[in-house]
Amino acid sequence: MSLSDFFTPVDVEKIIPEKGYYSSQLGSKIEYFSDDFPDLEQKTDIAIIGVQEDRNALSNAGCAMAPDYIREKLYLLYEGNYNTKIVDLGNIRQGETITDTYIALKTVVSELVKKKIIPLIIGGGQDLTYPQYLAYETLDQKVDLVIVDANFDMDDDDKATESIETTSASYLNKIFLHEPNYLFNFSNLGYQTYFTSKESLRVMDKLYFDVHRLGELSGNITVAEPVIRNAGMISFDIGAIRSADAMGNANAGPNGFYGEEACQIARYAGFNDKLSSIGFYEFNPAYDSNGQTAILIAQMVWYFIDGVYNRKRDFPLNPKSQYLLYKTSLKHGEHELVFVKSKKSDRWWMQVPYPTGGSKNERFHLVPCHYDDYKTAISGEMPDLWWRTYQKLN
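Computed from a prediction, not measured in an experiment: that's the story for all the values here.

Trainee: Quick one: what's the story with the nonpolar core, residue by residue and with numbers?
Mentor: Residues Phe236, Met300 and Phe304 are the most contacted members of the largest nonpolar core, which totals 52 residues. Sort the elements by how many residues they give to this core and helix 11 (residues 292-308) lands first, with nine residues. By size, the runner-up hydrophobic cluster in this structure holds 45 residues, among which are Phe7, Ala104, Val143 and Leu145.

Trainee: Explain the packing of helix 3 (residues 66-74) against helix 11 residue by residue, including any values.
Mentor: Close contact between helix 3 and helix 11 brings their axes to 8 Å; oriented N to C, the two are set at 65°. On the basis of their axis angle, the class for helix 3 and helix 11 is roughly perpendicular. Our pair here, helix 3 against helix 11, has a crossing hand that is right-handed. Of helix 11, the residues touching helix 3 (which contributes Tyr69, Ile70, Lys73 and Leu74) are Ala294, Ile295, Ile297, Ala298, Val301 and Trp302.

Trainee: Tell me about the sheet that holds strand 10 (residues 323-329), residues and numbers included.
Mentor: Taken in spatial order, the four strands line up as 10-11-12-13 in an open sheet, and their pairing is antiparallel. Each of the sheet's edge strands pairs with one partner strand only, and the pair in question is strand 10 and strand 13 (364-369). Put simply, the sheet's adjacent strands are angled 30° from each other on average, direction ignored. Contacts from helix 13 (residues 384-393) reach strand 11 (336-342), strand 12 (348-353) and strand 13 within the one sheet, and its direction differs from that of strand 12 by about 40°.

Trainee: Mind laying out helix 12 (residues 371-378), listing which residues take part and the relevant values?
Mentor: All of the buried residues in helix 12 are Asp373, Tyr374 and Ala377. Taken around the axis of helix 12, the buried residues stretch over an arc of 100°, which confines them to a single face. Buried positions along helix 12 lie against strand 10, strand 11, strand 12, strand 13 and helix 13. Where helix 12 terminates, the next one or two residues include Gly380, which has phi positive at roughly 95°.

Trainee: Please provide a residue-by-residue account of the pairing of strand 5 (residues 143-148), values included.
Mentor: Taking burial as the measure, the six residues of strand 5 include six buried ones, the bulk of the element. The side-chain alternation of strand 5 yields two buried faces, one formed by Val143, Leu145 and Ile147 and the other by Asp144, Val146 and Val148. Pairing analysis gives six bridges linking strand 5 to strand 6 (residues 183-191), with the strands arranged parallel. Note that in strand 6 the partner of Val143 across the bridge is Leu183.

Trainee: I'd love a proper account of helix 10 (residues 259-271), names of residues and values included.
Mentor: Taking 1.5 Å of rise per residue, the 13 residues of helix 10 would be expected to cover 18 Å, and the 19 Å separating its terminal C-alpha atoms lies within 8% of that figure. With 10 of its 13 residues buried, helix 10 lies for the most part within the structure. Taken as a whole, helix 10 has its buried residues at Gly259, Glu261, Ala262, Cys263, Ile265, Ala266, Tyr268, Ala269, Gly270 and Phe271. Packed against the buried residues of helix 10 are strand 5, helix 8 (214-217), helix 9 (224-229), strand 8 (233-237), strand 9 (277-281) and helix 11.

Each value, and the rule that gives it
- Residues numbered from 1 in each chain as written.
- Predicted model: local features only at pLDDT ≥ 70, side-chain atom pairs only at ≥ 80, totals over all residues.
- Heavy atoms only, no water.
- Core = buried A, V, L, I, M, F, W, Y, C linked by side-chain atoms within 4.5 Å.
- Buried < 20%, exposed > 50% of the residue type's maximum accessible area, 1.4 Å probe, protein only.
- Helix = DSSP H or I, 4+ residues; strand = E, 2+ residues; numbered from the N terminus.
- Axes fitted to C-alpha atoms, helices over the stretch in contact; angles between N-to-C directions.
- Parallel < 35°, antiparallel > 145°, perpendicular 65-115°, else oblique.
- Left-handed = near helix turned anticlockwise from the far one by under 90°.
- Contact = heavy atoms within 4.5 Å.
- Pairing = 2+ DSSP bridges.
- Arc of directions from axis to C-beta.
- Expected span 1.5 Å × (residues − 1).

If you want it as structure tokens, here you go:
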């Protein structure tokens, strides 16, 4: 089966303005599926995938309509100072069952990642994060997942355990309980405490996962950069943005990230050498005034693209001459901590040793960190990130 079998063409009559696009607008730069399916054997960096599925987007029916509204605004934006190699594969329509849609998305994402093309998913409910995650099953590799969301979507799932079907409020349970387990780390950015049960916070702490309150990041979004740099895949719930900036979501609330912070998160994601797929979910055009949310998401996608084309390629750490090593001991001398700084980007990593017999090929695991973690270490204290990572490796 060809990938083209999963897609319907972009409805250009809905999207293209009467006068067409200027030569430097993305609408003239992106090769979209209209008559002929894009040739993925040609050099391609990013593939846009619309998904018209909202049957399990709880309290947000209508988000299946999102892809074309986002495209309309995205295509009007101007290309940055680089030559884009982007294709738009069109839309995956609702399958006869939700499972059919999931399998289609899982297959498409898996095939694109194998080809080293970044799938950029727009539209649909956040339950689509689960098939996005399942795509990595065939790649035989651990994956680090970052979710941008005001909630932990861990409600009890009343779907049959043998089915891959889930909902936008329970998909994390599916991911955490999936066998075989190939989730190495989970991180949440922007959870709001009044939406979060103490039990779910205890689960996160017990599993040594990284969760960051909105208040921790608001006005200090650079704290999110090392977390995002550790991600293999990202799922962004548009409901994590405050309603004044993104009202196009039936579950939008008064608090959340500002629009410019959401764009910065998207750019950090693009800048991440390790990231291989991203999804922007839960946008509902039925609630969008003057297309403001569609414009914001288009700008977030633009910033993601900008990040991809400005990657420093400084992970993995090679050649060694491009890096500085810093060693420090803790107060009681139980561990020597090693930090690595890139000369190219000034970004930091920590070396966390594998337990004996933990890895056949490597002696330590590199985890992205912040300069503040280094400052904590030179003061003689153990950075919390080092300890949590060490426990996960054990």
